[in-house]
Amino acid sequence: MFPLWLKAGFWGLVGGSALLLGSAVGYYAKIPQRVIAAIMAFGAGVLISALAFELMDEAYKRGGFDSTAIGFVSGAVVYTAANWFLSYQGAKHRKRSGEQQPSEEENSGSGMAIAVGALLDGIPESIVIGVSMIDGGVVSWVTVAAVFLSNVPEGLSSAAGMKKAGRSTAYIFGVWGGIAIISGIAALLGYALFSHFSQEIIAATTAIAAGAILAMITDTMIPEAFEQAHNFAGLIVVFGFLAAFVLSKLA
C-alpha cells in the first residue's frame, strides 16, 4: 500500500509524461502544421472543459463563491504577469510549431526563458492533480486524462518549433523530461502541503490553478491552433470540450 502523497506524485508524473511523448512525436515525425494545430485546438477544448466542470465546480463546492472568484482571478493575473515577463526574454512563441521561436543566436537567453515558460505552463495543472486527492484519497482521473490529452499537443508543437529554431536534441528532451519529473513533484506537493489547510484555501488554490490554465490556453495554445487551423479551430475546440465533458459525466 503506497502512501497517498506518493500516489499523487505518480499521477502527476503520468500527466507530465505526455509532454515527453508529444515532444518525441514532434521531433522525430514530420507532421503537417495544420495537423499539429488541430491537435492543439482539441487539447485546448479538453482543458477548458476540465477547468469548468472539474476545477471551478470543485472549488465552489469547497469554498464558495468568494474563495473561488478571488483565486480564479489571482491565478490569471499571476500567470499573465509571469508570461508577459518571459515573453520579453524570448519565450513568447514557446508553443509554436513553425519558425516563430527564436534561436539562441537571435535572442541570447531565450532557451532558458522557453524552459521556464514551459514549466510555468505545466505547474498549475500538476498541483491540481495532487489537490484532487485530498479528502477522498482517490485521484480525479478526469483531471489526469484532461492534463494528459492536452500535454501531448503542447509537447508536440513546442518540440517541433524548438527543432526548427536549431535547439539541440539534448535541450529539447532535457526540457520536457525535466518538466515531466517536476510535474510529479508538483502533484506530490499539491497533496502533501494543501491537505493540511482549510477547505477555503484548498478551494482558492484549485481556482488559482484554473485561472492560470485558462490564461495559458488563451495566450499560448489558441494562437497556435488558429494560426494554421483558421476557421476550423473553433469546431475542433468544441470537440475537445465535448470529449472532456463526457469523461466528467462518466466518472
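Residues numbered from 1 in each chain as written. Predicted model: local features only at pLDDT ≥ 70, side-chain atom pairs only at ≥ 80, totals over all residues. Heavy atoms only, no water.

Caption draft 1: Layout of the overall build of the protein. Helices and strands together make up the secondary structure of the protein, namely 7 helices and 0 strands. Helices and strands in the protein line up, N terminus first, as α-α-α-α-α-α-α. Each of the 251 residues in the protein was classed as buried or not, and the buried ones make up 50%. Here the analysis covers contacts within the protein between residues at least 6 apart in sequence; of these, 85% occur between residues at least 24 apart. For the protein, the computed accessible surface area is about 11300 Å², with 71% contributed by carbon and sulfur atoms. Between the centroid of the 13 positive side chains of the protein and the centroid of its 16 negative side chains there is a distance of 7 Å. (Helix = DSSP H or I, 4+ residues; strand = E, 2+ residues; numbered from the N terminus. Buried < 20%, exposed > 50% of the residue type's maximum accessible area, 1.4 Å probe, protein only. Contact = heavy atoms within 4.5 Å. Areas by Shrake-Rupley, 256 points an atom, 1.4 Å probe, with all protein chains shown as cover. Lys, Arg positive; Asp, Glu negative; His and termini not counted. Charge placed at Lys NZ, Arg CZ, Asp CG, Glu CD.)

Caption draft 2: How the structure looks around the nonpolar core. Within the largest apolar cluster, 19 residues are counted, with the highest numbers of intra-cluster contacts made by Leu47, Leu51, Leu55, Ile213, Met216, Ile217 and Met221. When contributions to this core are tallied by element, the ones reaching two or more residues are helix H2 (33-91), helix H6 (199-229) and helix H7 (233-250). When residues no more than four places from it in sequence are discounted, the contact partners of Ile217 are Ala44, Leu47, Ile48, Leu51, Ile222 and Pro223. (Core = buried A, V, L, I, M, F, W, Y, C linked by side-chain atoms within 4.5 Å.)

Caption draft 3: Examining the environment of Leu19 more closely. Along the chain, Leu19 falls in helix H1 (residues 4-28). For Leu19, a relative accessible area of 4% corresponds to the buried category. Put simply, Leu19 and Asn151 are 132 residues apart on the chain and 5.1 Å apart in space, counted from C-alpha to C-alpha. Once you skip the residues sitting within four places of it in the chain, Leu19 turns out to touch Asn151, Glu154, Gly155, Trp176 and Ile179.

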